[in-house]
Protein chains: 2
Amino acid sequence: MSQVLLPRLSKASAPLTREVMAVNEFGAPTPVSIPCERPLTVYVDKRELVTLMTLGAHPELLVLGFLRNQRLVRSVQDIDSIDVDWEVGAAAVKTRDGIADIEERTAKRVVTTGCGQGSVFGDLMAEIDDIALPAAQLTQAQVYDIVNAIRLQESTYKSAGSVHGCALFRGAEMLIFVEDVGRHNAVDTIAGWMWLQNDAPTAGTDLSSLSLEGARAPRGGPSALPPSSYQPMGGADKVFYTTGRLTSEMVIKSAQMGVPFAISRSGITQMGHQVASRVGLCTIGRATNRHFLCYSAAERLVMQPELAGSRVRVVA
Amino acid sequence: MSQVLLPRLSKASAPLTREVMAVNEFGAPTPVSIPCERPLTVYVDKRELVTLMTLGAHPELLVLGFLRNQRLVRSVQDIDSIDVDWEVGAAAVKTRDGIADIEERTAKRVVTTGCGQGSVFGDLMAEIDDIALPAAQLTQAQVYDIVNAIRLQESTYKSAGSVHGCALFRGAEMLIFVEDVGRHNAVDTIAGWMWLQNDAPTAGTDLSSLSLEGARAPRGGPSALPPSSYQPMGGADKVFYTTGRLTSEMVIKSAQMGVPFAISRSGITQMGHQVASRVGLCTIGRATNRHFLCYSAAERLVMQPELAGSRVRVVA
């Protein structure tokens, strides 16, 4: 291959919240914001694949990450373009060479744990044993910085509630924060975004347009790069954060992205724990203020217990 | 049909929580309970249908309710038996006459909002316009009683967290409370349970064995009734409660069960609001202590605003 071809993405946009009138406990009409929720039917090479229910903030990245996390597409270069049209609630994906065996590979259904991906095609679980997570450590101070960054984040959740948020950090630096009505969508969107980021040390081309906003830049933007100058973002130095539970699915997706840390303000389920222990992924739950519980791969966590009680407790 | 045949159900059981060791913020090893989460693959007449991830508290009722809510089975009498075997993680469903067009009816996939059912087969949305909810009202005092009953409920959530709970009330009386790792499972379990309850006024047969526990009574229990003495439980005088968000799916399922009220401690999404408004289902969210917001069909709610501030605020 003489050059790296990145997909062209449309830049569909739609409102994220709407106002409705509710009646409160005093009988008073009260305007409240609620999150939008819209169906997006994904067509791959004109074949209907699935309908995703989404907030609609980053539909192209969502579709890209969905295809990635479902292992239907092995490289971002397999995708020629993704065009989202909210008028008809459709995402048209054009691949360069089609997806082999797509019928067979989308035949098996798993209805996962609540807040989990609806349909996990194929045997994702069977693939986790192939995952080797890189050696990486996180300090307790970084955990606290991450929890605090999430607390300060402006969000649809704060204005309308009823959405889940996921974020990707490099150390304690927040790279991207995504909300959606389902957190499986939020993590898929992050996976799609990572595929468009260039980690190549010799990147000579200005890829700033491939940031979250830039990925939605005018069609036909910079998409052809020499191969030596493109390397999709890796997960080794990253931390995945989710507002929701650490279910098996969230742990698997974090592992698939090569991210060795998953932090949540909520708890963990048995299969999440099992998968994380198996692949050596460090899971940290109940992370609020100074408190947390590290459920697995605690050797990755550099404890600084003196920090646990050293600051004034912040009440969110 | 000369008699009503209710399905035989196995009585599979499995632990609901397990203890794992975590490390807290002081670096101290801490035993914590986490909810179990296990795959249950459903076979209908020996054909694999779907794999559900479940806590495992009431697997037979879950499978029955799943088939009901997916509209794959129109009557409880279509099911001959459900046998769950946790050794192999399988539920074997035997129907009396098969399910017509099962291939076609399970072909369409929708990945719903987080915490939503993974695969909603067919066009559930298309069916909601056929639903006529009965005239029914609920008083503000009953809303408060329901919220308080939930607060007092012993639960896996309290011991291990990371599960969703759903409940069915008659007025302010709690009939059944179900938890699962996904709340779509919890509501399906309730739907399955309702199908086994007899609301026939002339019920001469003792159906006490068809209660939640009784449904798991020894196989071959009372399953044949004269038709006049069996009428599956209706929803007209019921209230559905969920700890999770009022998504379109939860609203649709409540409507399908004929239950005109849905209460949550959480909020509502746009499609939940849209569907509820369309079918006239009264949705009440943010229900904690004395506070709530009624999002739709407020005419069903008998306001008693004098109660809103009349009691000492209970802090859970």
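Residues numbered from 1 in each chain as written. Chains lettered and ligands numbered in written order. Predicted model: local features only at pLDDT ≥ 70, side-chain atom pairs only at ≥ 80, totals over all residues. Heavy atoms only, no water.

Caption draft 1: Seen up close, the pairing of strand β14 (residues 238-242) of chain A. Residue and element names in this part refer to chain A. For β14, a buried count of five out of five residues is recorded, marking the element as mostly surrounded by other parts of the structure. Side chains Lys-238, Phe-240 and Thr-242 of β14 all project onto a buried face; the interleaved residues Val-239 and Tyr-241 project onto the opposite face, where all are buried too. When strand β11 (residues 164-170) meets β14, the two strands line up antiparallel, connected through five bridges. Looking at the pairing, Arg-170 lines up with Lys-238 of β14. Taken together, the three bridges between β14 and strand β15 (residues 261-264) define a ladder with parallel strand orientation. When the sheet's bridge partners are listed, Thr-242 is paired in β15 with Ser-264. Taken together, β14, helix α7 (residues 248-256) and β15 constitute a β-α-β crossover, and its handedness is right-handed. (Buried < 20%, exposed > 50% of the residue type's maximum accessible area, 1.4 Å probe, protein only. Helix = DSSP H or I, 4+ residues; strand = E, 2+ residues; numbered from the N terminus. Pairing = 2+ DSSP bridges. Right-handed = clockwise from strand over helix to strand, strands pointing away.)

Caption draft 2: Quick look at the pairing of strand β7 (residues 79-85) of chain A. Residue and element names in this part refer to chain A. Taken across its seven residues, β7 has five buried, putting it largely inside the fold. Here strand β2 (residues 8-9) runs beside β7; their pairing, made up of two bridges, is parallel. When the sheet's bridge partners are listed, Arg-8 is paired in β7 with Ser-81. Judged from the six bridges that link them, β7 and strand β8 (residues 90-95) form a sheet pairing that is antiparallel. Bridge pairing in β8 links Ile-79 to Thr-95. Hairpin geometry of β7 and β8 is characterised by an intervening segment of four residues between the two adjacent antiparallel strands and by a positive phi of about 65° at Gly-89.

Caption draft 3: Representation of the packing of aromatic side chains within the structure. All chains considered together, the criterion is met by two aromatic pairs over all chains. Geometrically, the ring pair formed by A:Tyr144 and A:Phe292 is tilted, given 6.0 Å between the ring centres and 55° between the ring planes. One end of the pair, A:Tyr144, is in helix α4 (residues 140-152); the other, A:Phe292, is in strand β17 (residues 291-296), and 148 residues separate them in sequence. Residues A:Tyr144 and A:Phe292 agree in their burial class; the two are buried. The residue whose ring lies beneath B:Arg38 is B:Trp86, and the NZ or CZ to ring-centre distance is 5.3 Å. Just above the ring of B:Tyr144 sits the side chain of B:Arg290; from NZ or CZ to the centre is 3.9 Å. (Phe/Tyr/Trp six-rings, centres within 6.5 Å; stacked < 30°, edge-to-face > 60°. Lys NZ or Arg CZ within 6 Å of the ring centre and 35° of its normal.)

Caption draft 4: Here's a closer look at the sheet that holds strand β12 (residues 173-180) of chain B. Read from one edge to the other, the open sheet built from eight strands follows the order β4(A)-β3(A)-β17(B)-β16(B)-β15(B)-β14(B)-β11(B)-β12(B), with strand pairing classed as mixed. On the outer flanks of this sheet lie β4 (29-35) of chain A together with β12 of chain B, each paired with one strand and no other. For this sheet the average axis-to-axis angle between neighbouring strands, irrespective of direction, equals 30°. Strand direction decides the pairing type here: strand β3 (residues 17-24) of chain A and β4(A), joined by seven bridges, are antiparallel. Looking at β4(A), one finds that A:Ala22 is bridged to A:Thr30. Along the sheet, helix α6 (residues 183-196) of chain B contacts β11 (164-170), β12 and β14 (238-242) of chain B; its crossing angle with β11(B), the most-contacted strand, is approximately 30°. (Axes fitted to C-alpha atoms, helices over the stretch in contact; angles between N-to-C directions. Contact = heavy atoms within 4.5 Å.)

Caption draft 5: Layout of the packing of helix α7 (residues 248-256) of chain B against helix α8 (residues 270-279) of chain B. All names here are of chain B. Axis separation between α7 and α8 bottoms out at 7 Å; the angle between their running directions is 25°. Classed by the angle they form, the pair α7 and α8 counts as roughly parallel. Contacts between α7 and α8 involve Ser-248, Val-251, Ile-252 and Ala-255 from the former and Met-271, Gly-272, Val-275, Ala-276 and Val-279 from the latter. Considering only residue class, the contact of α7 with α8 consists of seven nonpolar, two polar and no charged. (Parallel < 35°, antiparallel > 145°, perpendicular 65-115°, else oblique. Nonpolar A, V, L, I, M, F, W, Y, C, P; charged D, E, K, R; others polar.)

Caption draft 6: Molecular detail of the environment of B:Asp85. Residues and elements named next belong to chain B. Checked against the element boundaries, Asp-85 lands in strand β7 (residues 79-85). Separated by 71 residues in the primary sequence, Asp-85 and Thr-156 place their C-alpha atoms 22 Å from one another. A distance of 2.8 Å separates the side chain of Asp-85 from the backbone nitrogen of Glu-87, its partner in a polar contact. (Polar contact = N/O pair within 3.5 Å; in protein donor to acceptor, adjacent residues only side chain to side chain.)

Caption draft 7: Looking closely at unusual backbone geometry. All names here are of chain B. A positive phi angle, close to 70°, is found at Lys-46, a residue other than glycine. The topology assignment puts Lys-46 in the loop between β5 (38-44) and β6 (47-54). Phi is positive for Ala-297, which is not a glycine, with a value near 50°. With respect to the helices, strands and loops of the structure, Ala-297 is situated in the loop between β17 (291-296) and β18 (301-302). Classification of Ala-297 as buried rests on a relative accessible area of 14%.

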